[in-house]
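The chain contents come next:
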Amino acid sequence: MAVSYFPPLFAALLTGIHLLAWYLGPRKRAAWVLGMCMFVVVLVLSRVFLPGLVYSIGANCGSPYAQYEYARWLENHCSVLQAWLPLPCNSDVESGYLWLERAAQHEYVPAIYMLGVRLKYGIQVPRPDNWTGPGGNTYPQPERGQMLINSALNRGYRPREADASAYYRSFRQ
């Protein structure tokens, strides 16, 4: 597990802001410290949530690329947030899957490939209607998944060696 240096640096930054405030007059000190601290917190949080807002707008406008990236963001933004701030966060895997399906329906080839990989191995796939296979939380559909993978490959898509694992990597790394 990678260790983030941000929490101690963040604390040091806020402490530095507080120490600099001692050089101001007592009337301006509290407002200046509060304003600078809020600015830093907003700056940090915007690094995580601003891409999601941009992808959400594009996805709702019908862009297949934005739908694919928004699906990735929904499933991966918590890892980025927790690298910056140790806050509890839950990924929205179901919504991510639905946006990935929408991008694939719009014939976006990387989305078709990734949807095929997920279906083939049952990775983060919602339980299908009328499922008769084993229980649990993995619902592999190898025939349907391989059909989508072949479709993407036939359209000229050449995945990188670790394309499936790259989907789950942070959207900003």
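Details of the structure are given in the entry above.
Positions within a chain are numbered from 1, following the residues in the order the chain's sequence is written. Where local features are concerned, this predicted model is filtered to residues with pLDDT of at least 70; where side-chain atom pairs are given and counted, the filter is 80 or more; whole-chain, interface and lining totals use all residues. To obtain the side-chain values, all non-hydrogen atoms of the structure were used and water was disregarded.

Here we take up the packing of helix 5 (residues 109-121) against helix 6 (residues 142-154). Working convention: axes come from line fits to C-alpha atoms, limited for helices to the stretch in contact. Angles between N-to-C directions cover 0 to 180 degrees. Runs of H or I in DSSP of at least four residues are treated as helices and runs of E of at least two as strands, each being numbered from the N terminus. It is at 7 Å that the axes of helix 5 and helix 6 come closest, and there the two elements cross at 155 degrees. Between helix 5 and helix 6, the interaxial angle falls into the category roughly antiparallel. Relative to helix 6, helix 5 is oriented so that their crossing is left-handed. Residue-level contacts link Val109, Ile112, Tyr113, Leu115, Gly116, Val117, Leu119 and Lys120 of helix 5 to Pro142, Arg144, Gly145, Gln146, Leu148, Ile149, Ser151 and Ala152 of helix 6. For classification purposes, angles smaller than 35 degrees are called roughly parallel, those larger than 145 roughly antiparallel, those between 65 and 115 roughly perpendicular, and all remaining angles oblique. Crossing handedness is defined as follows: a turn of the near helix away from the far one that is anticlockwise and smaller than a right angle gives a left-handed crossing, while the clockwise case is right-handed. Throughout, a contact is declared for two residues whenever any of their heavy atoms are within 4.5 Å.

Turning our attention to the nonpolar core. Membership of the largest hydrophobic core comes to 25 residues, with the highest contact counts inside it found for Tyr70, Leu100 and Leu115. For this core, the secondary-structure elements that each account for two or more residues are helix 2 (26-60), helix 3 (64-84), helix 4 (93-105), helix 5 and helix 6. If you tally residues by element for this core, the top one is helix 5, at 8 residues. Not counting residues up to four positions away in its chain, the partners in contact with Tyr70 are Gly52, Tyr55, Ser56, Ala59 and Trp99. In these notes, a set of buried Ala, Val, Leu, Ile, Met, Phe, Trp, Tyr and Cys residues joined through side-chain atoms within 4.5 Å is what counts as a nonpolar core. Residue burial is assigned from relative accessible area. The probe radius is 1.4 Å, only protein chains are included, and a residue is buried under 20% of its type maximum, exposed over 50%, and partly exposed in between.

Bringing helix 4 into the picture now. Here helix 4 contains 13 residues, and its C-alpha end-to-end distance of 18 Å stays within 8% of the 18 Å for a straight helix at 1.5 Å per residue. Among the residues of helix 4, those classed as buried are Gly96, Tyr97, Trp99, Leu100, Glu101, Ala103 and Ala104. Just downstream of helix 4, Glu107 is the residue with a positive phi angle, here 65 degrees. The span one expects for a helix is its residue count, reduced by one, times 1.5 Å.

With respect to the secondary-structure elements, Cys78 resides in helix 3. The residues touching Cys78, leaving out its near neighbours within four places in the chain, are Cys89, Asn90 and Ser91.

Once that is clear, we can look at the pattern of salt bridges. Definition used for salt bridges: Asp or Glu carboxyl oxygen within 4 Å of a side-chain nitrogen of Lys or Arg. The full count for this structure, using the stated rule, is 3 salt bridges. Salt-bridge contacts for Arg72 lead to Glu69; the nearest nitrogen and oxygen are separated by 3.1 Å. Placement of both Arg72 and Glu69 in helix 3 is noted, with a separation of 3 residues, approximately one turn of the helix. The same class applies to Arg72 and to Glu69, which are both buried. Residues Arg155 and Glu107 are paired through a salt bridge, measuring 2.3 Å at the closest nitrogen-oxygen approach. Of this pair, Arg155 sits in the loop between helix 6 and helix 7 (163-167) while Glu107 sits in the loop between helix 4 and helix 5, and the two are 48 residues apart along the sequence. On the basis of relative accessible area, Arg155 is assigned to the partly exposed category, the value being 44%. Its relative accessible area of 45% is what places Glu107 among the partly exposed residues.

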